[in-house]
Amino acid sequence: MAFSQEGESCGVLTIAGESEPVQFAIDGDMIHVHIRGRTRSLHYRDPLRTLACANDETDHLVARAPMPGVVVTTNVSPGQPVPAGTVLMKIESMKLETLIRSPQNGVIEQIHFQEGESFERGAALVTLSEEGR
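Worth saying up front: this structure is predicted, and the values here are computed from it rather than measured. (Residues numbered from 1 in each chain as written. Predicted model: local features only at pLDDT ≥ 70, side-chain atom pairs only at ≥ 80, totals over all residues. Heavy atoms only, no water.)

Here's the deal with the sheet that holds strand S10 (residues 87-93)
Backbone hydrogen bonds are what pair the strands of a sheet, in a parallel or an antiparallel way.
Alright, step 1. Taken in spatial order, the four strands line up as S11-S10-S8-S13 in an open sheet, and their pairing is antiparallel. A single partner strand is all that each edge strand has here, and the edge strands are strand S11 (96-101) and strand S13 (118-119).
Alright, step 2. Sheet topology note: the strand S8 (residues 69-74)/S13 ladder contains two bridges and is antiparallel. Bridge pairing in S13 links Val 70 to Ser 118. (Pairing = 2+ DSSP bridges. Helix = DSSP H or I, 4+ residues; strand = E, 2+ residues; numbered from the N terminus.)

As structure tokens, this is what we get:
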């Protein structure tokens, strides 16, 4: 299975060698996919939230890689305040691009990998700290 995003809310889904155009909408942890004239709603469990873990101090959060891959683009810089849901970086794994989003409001403390660098599953990609710290 492969998905390539072609616009803000559309793309092509390829399953078993057959490609289908799809439209999608994301609403929190729900993804609504329109394919072949029908809409399916899926509950999405964000691997970033699952893998994000608090540092020894409770005022830090680490955005971790949900899979091994390569950093394609970085959208933030250290010291930048970000609201929850902000795209921190785009990664690529097995030709599938994934947006890494901030799981909470915070300030970018450290970016651990630069564009073009590869990482393993579970690697710390971005460290955030709580706002005002």
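Considering the sheet that holds strand S3 (residues 18-27)
Alright, step 1. Pairing is antiparallel in the open sheet, where five strands are placed in the order S1-S2-S3-S4-S5. Of all strands in the sheet, those bounded by a partner on one side alone are strand S1 (2-5) and strand S5 (38-43). The mean inter-strand angle of the sheet, taken between neighbouring strand axes irrespective of direction, is 30°.
Alright, step 2. As judged from the four bridges shared by S1 and strand S2 (residues 10-15), these two strands associate in the antiparallel manner. If you follow Ala 2 over to S2, its bridge partner there is Thr 14. (Axes fitted to C-alpha atoms, helices over the stretch in contact; angles between N-to-C directions.)

Re the pairing of strand S4 (residues 30-35)
Alright, step 1. Along S4, the buried face is formed by Ile 31, Val 33 and Ile 35; none of Met 30, His 32 and His 34, which line the opposite face, is buried.
Alright, step 2. Relative to S4, S3 runs antiparallel, the two sharing five bridges. In the strand pairing of S4, Ala 25 is matched with His 32.
Alright, step 3. Examined bridge by bridge, S4 and S5 share six bridges and lie antiparallel to one another. When the sheet's bridge partners are listed, Val 33 is paired in S5 with Arg 40. (Buried < 20%, exposed > 50% of the residue type's maximum accessible area, 1.4 Å probe, protein only.)

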